[in-house]
Protein chains: 2
Amino acid sequence: MGKLERHATIADVAALAGVSVGTASKALNGRGSLREETRMRVREAARQLSFEVNAGARNLHSGRTYTVGMITTDTIGRFSIPVLMGAEDALGAGQMSVFLCDGRDDPIREQYHVKTLLSRRVDGIIVTGRRTQARAPISVGLPVVYAFISSTDPDDCSVVPDETGGARKAVEHLMAIGRTRIAHVTGPEHHHSARVRAQAVADRLAEAGLSVAGPPLFGAWSEIWGRQAVGMLLAGGTSFDAVFCGSDQIARGVADALRAVGRRVPEDVALVGFDNWDVMTRGCQPPLTSVDMNLEGLGRTAAEMLLAAINGTPSPGRHARPCHLVVRESSTVPLGPEARV
Amino acid sequence: MGKLERHATIADVAALAGVSVGTASKALNGRGSLREETRMRVREAARQLSFEVNAGARNLHSGRTYTVGMITTDTIGRFSIPVLMGAEDALGAGQMSVFLCDGRDDPIREQYHVKTLLSRRVDGIIVTGRRTQARAPISVGLPVVYAFISSTDPDDCSVVPDETGGARKAVEHLMAIGRTRIAHVTGPEHHHSARVRAQAVADRLAEAGLSVAGPPLFGAWSEIWGRQAVGMLLAGGTSFDAVFCGSDQIARGVADALRAVGRRVPEDVALVGFDNWDVMTRGCQPPLTSVDMNLEGLGRTAAEMLLAAINGTPSPGRHARPCHLVVRESSTVPLGPEARV
């Protein structure tokens with residue numbers, strides 16, 4: 001988590017204690033009704049991380065209501081909503097009011113929103129969006145935190161998923177269940193996440209003395225591309241016993257196409273997706289193992305860092321948060337309840 | 001559209017002219033740069049609907065910036081976001097600022113949000129949510145418009161999809177392509193939308209001297225339920241040449257299960273879903289015909305009605321907006337580009 005180790009935030013304390021940031025703040029500020037066991041666990045976590053109850057944390061529950069602008073740089077949806085929910089969760093209902101603006105990939109529209117937010121005298125701004133690629137910073141005289149996306153200015157505070165780490169966990173899991181011929185099917189090569197994840201796959205396999213089965217296949221973030229990619233792997237004569245996909249939608253398409261040609265998942269081909277989107281992981285036959293970027297956690301951390309910055313304790317730099325792997329039937333032989341149809 | 005015929009709104013004018021509400025407002029208020037042809041078309045539409053450029057419309061682009069609270073009664077997501085986007089679209093970026101609050105099905109949390117919004121001196125509140133079922137009104141001394149969901153108070157302004165009309169269009173389409181043994185697989189029987197759509201199916205078939213093939217099957221809003229339901233239809237010996245499903249996810253499951261047993265869609269069984277959710281309609285094999293509730297249109301209408309109410313011209317009552325059917329390969333034999341895999 002890089003910089004986070006040098007500058008522990010209340011989000012780190014919360015994570016270590018296994019509670020929400022709101023609960024951690026209450027515990028550290030002696031507010032709210034918490035079980036004493038919880039309060040002690042949080043304080044112990046704070047001690048371990050030598051976390052200072054800074055101005056930000058002290059003010060989190062001082063009763064002041066913060067007004068925060070949230071700008072999505074492209075249409076609000078599957079990625080920005082969990083971030084928004086997490087941000088709202090961080091302080092509990094009413095502690096923070098969120099002004100939501102949708103930039104829709106339109107810089108002029110975004111500038112208009114920024115002006116509106118300033119005229120609304122917001123305390124700070126959270127910028128989020130659909131792509132993890134770094135974007136030009138928003139220049140305002142206010143604290144700004146970038147969540148999920150990052151700013152091209154290394155001094156800005158960006159809270160992003162560790163996509164490289166997430167892809168490495170997927171590959172390590174597939175190797176751990178004995179797969180050595182791992183293909184990779186992902187999104188457009190010009191897309192930052194597709195490139196980063198594909199590189200992580202190649203690097204992790206190389207560390208194990210392996211290489212990707214066939215070339216990494218770049219295409220659309222869609223089920224149709226996943227189905228087409230299977231046709232390409234088979235037509236190319238690529239020998240593979242696992243496929244790691246850059247998204248759950250792609251993996252879903254791969255699963256359907258493999259079944260159509262009689263290749264069993266996971267027996268013949270183990271399958272792992274990315275996003276842990278329940279609609280896809282549950283709909284997939286069998287249920288899909290996937291990498292979870294913990295978007296709500298990103299939102300909570302971003303909100304906590306923004307409020308700390310508002311209160312004079314900024315957390316500059318790029319903060320990469322860990323992804324975790326959720327293992328389901330597509331990469332384990334025994335069938336669980338999700339697979340019964 | 002019931003009440004709308006008695007009280008044409010700028011949204012109706014926009015719809016008739018085939019432009020956005022923002023464009024219609026500009027045309028009627030002589031603001032903004034529009035092609036003269038567009039301006040004339042909007043004015044002709046207004047004349048046809050004997051739409052009065054009321055105080056609300058006149059003020060839409062008077063330069064005043066409105067602050068509107070938007071409360072979702074359950075977690076923000078697939079249904080509330082398009083409504084929010086449509087509401088934001090209605091007036092163009094910056095004309096309206098949206099304070100977004102997520103009630104998460106928690107009345108206490110919702111009350112807290114309402115208080116916060118009042119303390120923020122919002123001009124009005126749009127209430128939306130995931131279910132179309134009527135809910136207890138929010139009692140505040142401000143204009144409130146319910147969008148997608150409706151208020152139990154018939155004097156409140158609610159803008160809702162005409163689910164009955166949408167289900168009837170699906171059945172009429174299936175009958176028009178020659179299907180007479182139409183099964184219905186939908187969500188939980190306690191769910192308002194499931195009941196309303198199932199009743200509409202039974203009524204429309206009865207009008208044609210037909211009845212539902214087998215009993216309507218109520219279950220979860222999931223692909224897994226769709227797959228299970230096919231097993232029940234086959235085990236029950238039900239003869240069917242079409243299935244209309246209460247959601248695209250259910251229809252997707254039905255399509256997969258039919259393919260697994262060698263029933264061809266659409267040749268043997270025509271298939272129609274509900275929601276027109278692109279993730280499902282495109283991923284489905286073949287691409288899925290579906291009923292579209294025009295959620296962005298609901299949001300635009302709700303925002304326009306809210307601002308009209310703020311400006312002294314309320315639109316009380318339940319305003320049902322039409323759904324439309326989007327026909328794809330699952331209910332037409334020739335294959336289109338979406339189906340090429």
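Residues numbered from 1 in each chain as written. Chains lettered and ligands numbered in written order. Predicted model: local features only at pLDDT ≥ 70, side-chain atom pairs only at ≥ 80, totals over all residues. Heavy atoms only, no water.

Named according to an unreviewed UniProt entry, chain A is LacI family DNA-binding transcriptional regulator originating from Nonomuraea insulae.

Novice: Give a description of the overall build of chain A that names residues and reports values.
Specialist: Counting secondary structure elements, chain A contains 13 helices and 14 strands. Residue burial in chain A is summarised as follows: out of 341 residues, 60% are buried. For chain A, long-range pairs separated by at least 24 residues make up 71% of all intrachain contacts whose partners lie at least 6 apart in sequence. For chain A, the exposed surface amounts to about 12,900 Å²; the carbon and sulfur share of it is 52%. (Helix = DSSP H or I, 4+ residues; strand = E, 2+ residues; numbered from the N terminus. Buried < 20%, exposed > 50% of the residue type's maximum accessible area, 1.4 Å probe, protein only. Contact = heavy atoms within 4.5 Å. Areas by Shrake-Rupley, 256 points an atom, 1.4 Å probe, with all protein chains shown as cover.)

Novice: So what's going on with the environment of Thr180 of chain B? Residues and values would help.
Specialist: All names here are of chain B. Tracing the sequence through the fold places Thr180 in the loop between helix H8 (163-176) and strand S8 (182-186). When the C-alpha positions of Thr180 and Thr67 are compared, they lie 51 Å apart, and in sequence the two are 113 residues distant. Discounting residues that sit within four places of it in the chain, Thr180 has contacts with Leu210 and Asp241.

Novice: Run through unusual backbone geometry, naming residues and quoting values.
Specialist: Trans is the prevailing form of peptide bonds, just as negative phi is the prevailing case for residues other than glycine. The residue after Gln285 of chain A, namely Pro286 of chain A, is reached through a cis peptide bond having omega -5 degrees. Among the structural elements, Pro286 of chain A can be located in the loop between helix H12 (278-283) and strand S12 (289-292). In the segment running from Val265 of chain B into Pro266 of chain B, the intervening peptide bond is cis, with an omega of 5 degrees. One can find Pro266 of chain B in the loop between helix H11 (248-260) and strand S11 (270-274). You will see that Phe148 of chain A, though not glycine, has its phi angle at about 75 degrees, which is positive. As for its placement among the helices and strands, Phe148 of chain A is situated in the loop between strand S5 (144-147) and strand S6 (150-151). For Asn294 of chain B, which is not glycine, the phi torsion reads 55 degrees and is therefore positive.

Novice: Tell me about the domain arrangement of chain A, and name the residues and values.
Specialist: Split by domain assignment, chain A resolves into domain 1 (10-62), domain 2 (67-161 + 294-321) and domain 3 (163-292). Between the C-alpha centres of domain 1 of chain A and domain 3 of chain A there is a distance of 39 Å. (Domains from an automatic or database assignment.)

Novice: Can you lay out the sheet that holds strand S12 (residues 289-292) of chain B for me, pointing to particular residues and giving the numbers?
Specialist: Residues and elements named next belong to chain B. With mixed pairing, six strands are arranged side by side in an open sheet as S9-S8-S10-S11-S12-S14. At either end of the open sheet lies a strand with only one pairing partner, and these are strand S9 (217-218) and strand S14 (324-326). For S8 and S9, the ladder comprises two bridges, and the chain directions are parallel. Each residue of the ladder has a partner; that of Thr186, found in S9, is Phe218. This element, helix H9 (residues 192-207), spans S8, S9, strand S10 (242-245) and S11 of the sheet and lies at about 170 degrees to S8. The strands that H11 touches are S8, S10, S11 and S12; relative to S11, the one it contacts most, it runs at about 155 degrees. (Pairing = 2+ DSSP bridges. Axes fitted to C-alpha atoms, helices over the stretch in contact; angles between N-to-C directions.)

Novice: I'd like a description of the environment of Cys245 of chain A, backed by residues and values.
Specialist: Residue and element names in this part refer to chain A. For Cys245, the position within the fold is in strand S10 (residues 242-245). C-alpha of Cys245 to C-alpha of Gly124: the two residues are 121 residues apart in sequence and 37 Å apart in space. Not counting residues within four places of it along the chain, the set of residues in contact with Cys245 comprises His184, Val185, Ile250, Ala251, Val254, Leu271, Val272, Gly273 and Phe274.

Novice: Describe in detail the nonpolar core, supporting the description with residues and values.
Specialist: Of all hydrophobic cores here, the largest spans 85 residues; its most connected members are Ile126, Ile182 and Phe244 of chain A together with Ile126, Ile182 and Phe244 of chain B. Top contributing element to this core by residue count: helix H13 (residues 295-310) of chain B, with eight residues. Once you skip the residues sitting within four places of it in the chain, Ile126 of chain B turns out to touch Val68, Gly69, Met70, Ile71, Ala87, Val145, Ala147, Ala302, Ala303 and Leu306 of chain B. Ranked by size, the runner-up nonpolar core spans 26 residues in total, among them Ile71 and Val144 of chain A together with Val140 and Val144 of chain B. (Core = buried A, V, L, I, M, F, W, Y, C linked by side-chain atoms within 4.5 Å.)

Novice: I'd like a rundown of helix H11 (residues 248-260) of chain A, residues and numbers included.
Specialist: Residues separated by three or four positions in an α-helix point in the same direction, a consequence of the helix having 3.6 residues per turn. Residue and element names in this part refer to chain A. Under the 1.5 Å per step criterion, the end-to-end length of H11 is 18 Å for 13 residues, consistent within 8% with the ideal 18 Å. Within H11 the residues assigned to the buried category are Asp248, Gln249, Ile250, Ala251, Arg252, Gly253, Val254, Ala255, Asp256, Ala257 and Leu258. Sitting at the head of H11, Ser247 places a side-chain oxygen 3.3 Å from the backbone nitrogen of Gln249. Of the residues trailing H11, Gly262 is marked for its positive phi of about 80 degrees. (Expected span 1.5 Å × (residues − 1). Polar contact = N/O pair within 3.5 Å; in protein donor to acceptor, adjacent residues only side chain to side chain.)

Novice: Any chance you could break down H8 of chain B for me, citing the residues and the numbers?
Specialist: Residues and elements named next belong to chain B. The terminal C-alpha atoms of H8 lie 20 Å apart, and with 14 residues this matches the ideal 20 Å at 1.5 Å per residue to within 8%. Within H8, burial applies to Glu163, Gly165, Gly166, Ala167, Ala170, Val171, His173, Leu174 and Met175. Gly178 sits one or two positions beyond H8 and adopts a positive phi of about 90 degrees.

Novice: Describe the packing of aromatic side chains, with residues and values.
Specialist: Going through the model one piece at a time under the given rule, you end up with five aromatic pairs over all chains. The side chain of Arg263 of chain A reaches across the aromatic face of Phe240 of chain A, ending 5.2 Å from its centre. (Phe/Tyr/Trp six-rings, centres within 6.5 Å; stacked < 30°, edge-to-face > 60°. Lys NZ or Arg CZ within 6 Å of the ring centre and 35° of its normal.)

Novice: Tell me about the pairing of S12 of chain B, and please be specific about residues and values.
Specialist: Residues and elements named next belong to chain B. Judged by which residues are buried, S12 turns out to be covered on both faces: Thr289 and Val291 on one side and Ser290 and Asp292 on the other are all buried. Here three bridges tie S11 to S12, and the two strands are oriented parallel to one another. The partner of Gly273 across the bridge, within S12, is Ser290. Each parallel crossover has a hand, and for S11 linked through helix H12 (residues 278-283) to S12 it is right-handed. Bridge count between S12 and S14: three bridges; the pairing is antiparallel. Bridging from a neighbouring strand, Asp292 pairs with His324 of S14. (Right-handed = clockwise from strand over helix to strand, strands pointing away.)

Novice: Account for the pattern of salt bridges, naming residues and giving values.
Specialist: Residue and element names in this part refer to chain A. Scanning the entire structure with this criterion turns up 30 salt bridges over all chains. With its nearest N and O atoms 3.7 Å apart, the salt bridge here joins Arg39 to Glu36. With Arg39 and Glu36 both in helix H4 (residues 36-48) and three residues apart, the pair spans about one turn of that helix. Residue classification places Arg39 among the buried residues on the basis of a relative accessible area of 10%. (Salt bridge = Lys/Arg side-chain N within 4 Å of Asp/Glu carboxyl O.)

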